[in-house]
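# Understanding the architecture of this molecule
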Protein chains: 2
Amino acid sequence: MSKDHISNNIRKLRFFKDEMTQQALADEIGVTRQTIVAIEKGKYSPTLEIAYRIAHVFEVELNEVFSYDHSKDKYKKRNQKK
Amino acid sequence: MSKDHISNNIRKLRFFKDEMTQQALADEIGVTRQTIVAIEKGKYSPTLEIAYRIAHVFEVELNEVFSYDHSKDKYKKRNQKK
DNA sequence: ACAATATGTAAAAAATTATATACATGAAGT
DNA sequence: ACTTCATGTATATAATTTTTTACATATTGT
């Protein structure tokens, strides 16, 4: 499952949010700093739960934090039977 | 990490979408039916990537598929020194 | 009655995400 | 120069998600 479809603005949001550090964000949502680093750098797709918690800290909607680029999707397998 | 914060309308959306089956949805987004069953039943929090793909199939926004209940959040750990 | 389809459940394995630990660098302040 | 802090990177491990396989039940159509 490709993982470069998702981008995020966590870094910007952290700075808008009074220059919140990675550690402070991690503490707020209850994960480790490593998790924040990895997500912020787009190393993998976080779980929906963590994504929601991040958005909640910044008081924005999920799509203001993350975006998914569907143009990078692979071709759908066409097997509509009817 | 608790996992009962997230609810979803996948089942309803499948039926609105011409009574799409679990298998058809799974095929569209490129996962197995088991994954759809588990997510639909709220067994765990899917990855953000799969969440986005599901929303895309139904042509709706993510928050029309999933919702996160922040009222169930645990108390934040405040001012951890380090 | 029979076959085909949709869904539910389960359990082990594979794959991915998250943690823990450690060390490096650069910036800021004293 | 020294210390502190924020970030980057790496690697091993733990935990969770996803797959694979299999079987059960109910429903629908022939």
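Residues numbered from 1 in each chain as written. Chains lettered and ligands numbered in written order. Predicted model: local features only at pLDDT ≥ 70, side-chain atom pairs only at ≥ 80, totals over all residues. Heavy atoms only, no water.

## Some thoughts on the overall build of chain A
A tally of helices and strands in chain A yields five helices and two strands. Listed by position from the N terminus, the elements making up chain A come as β-α-α-α-α-α-β. Taking all 82 residues of chain A together, 40% fall into the buried category. Sequence separation of 24 or more characterises 57% of the internal contacts of chain A that already satisfy a separation of 6 or more. If you sum the accessible surface of chain A, you get close to 5200 Å²; carbon and sulfur atoms cover 50% of it. (Helix = DSSP H or I, 4+ residues; strand = E, 2+ residues; numbered from the N terminus. Buried < 20%, exposed > 50% of the residue type's maximum accessible area, 1.4 Å probe, protein only. Contact = heavy atoms within 4.5 Å. Areas by Shrake-Rupley, 256 points an atom, 1.4 Å probe, with all protein chains shown as cover.)

## Structural notes on the protein's contact with DNA strand D
In the neighbourhood of DNA strand D, 20 residues make up the surrounding shell, with Arg-11, Arg-14 and Gln-22 of chain A together with Thr-35 and Tyr-44 of chain B lying closest. Within 4 Å of the protein, atoms of DNA strand D come from sugar and phosphate in 63% of cases. In the model, a base oxygen of DNA strand D is placed 3.1 Å from a nitrogen or oxygen of the Gln-34 of chain A side chain. In this structure, Ser-45 of chain B approaches DNA strand D through a main-chain N or O atom, which is 3.2 Å from a phosphate oxygen. Put simply, the parts of the chain that give the surface near DNA strand D at least two residues each are α1 (10–16) and α3 (33–40) of chain A together with α3 (33–40) of chain B. Per-element accounting of the surface near DNA strand D gives the leading share, three residues, to α3 of chain A. When grouped by side-chain class, the residues that make up the surface near DNA strand D number five nonpolar, nine polar and six charged. (Near = heavy atom within 4 Å. Polar contact = N/O pair within 3.5 Å; in protein donor to acceptor, adjacent residues only side chain to side chain. Nonpolar A, V, L, I, M, F, W, Y, C, P; charged D, E, K, R; others polar.)

## Concerning the pattern of salt bridges
The final tally for this structure, using the stated rule, is eight salt bridges over all chains. In this structure, the salt-bridge partner of Glu-59 of chain A is Lys-17 of chain A, at a minimum N-O distance of 2.8 Å. Linking Glu-59 of chain A in the loop between α4 (48–58) and α5 (62–65) with Lys-17 of chain A in the loop between α1 and α2 (22–29), this pair joins segments that are 42 residues apart in sequence. By relative accessible area, Glu-59 of chain A is classed as exposed at 65%. One salt bridge connects Arg-14 of chain B with Glu-40 of chain B, and the closest N-O pair in it is separated by 3.0 Å. In this pair, Arg-14 of chain B is assigned in helix α1 (residues 10–16) and Glu-40 of chain B in helix α3, connecting sequence segments 26 residues apart. (Salt bridge = Lys/Arg side-chain N within 4 Å of Asp/Glu carboxyl O.)

## Let's talk about the protein's contact with DNA strand C
Around DNA strand C there are 20 residues in total, and Thr-35 and Tyr-44 of chain A together with Arg-14, Gln-22 and Arg-33 of chain B lie nearest to it. At the protein interface, 64% of the atoms of DNA strand C within 4 Å belong to sugar or phosphate. The side chain of Arg-33 of chain B places a nitrogen or oxygen atom 2.9 Å from a base oxygen of DNA strand C. Among the elements of the structure, α3 of chain A together with α1 and α3 of chain B are those that each provide at least two residues to the surface near DNA strand C. With three residues, α3 of chain B is the single largest residue contributor to the surface near DNA strand C. Its residues assigned to classes, the surface near DNA strand C shows five nonpolar, nine polar and six charged.

## So, the confidence of the model for chain A
Looking at chain A, the pLDDT average stands at 88 and 85% of residues meet or exceed 70. Confidence drops under pLDDT 50 across residues 76–82 of chain A; counting only partners more than four residues distant or on other chains, this segment forms seven contacts. (pLDDT = per-residue confidence, 0-100.)

## Describing the side chain of His-5 of chain A
Its location among the elements puts His-5 of chain A in the segment before β1 (6–8). For His-5 of chain A, a relative accessible area of 5% corresponds to the buried category. With residues up to four places along the chain from it excluded, the contact list for His-5 of chain A reads Ser-67, Tyr-68, Asp-69, Lys-72 and Asp-73 of chain A together with Glu-49 of chain B.

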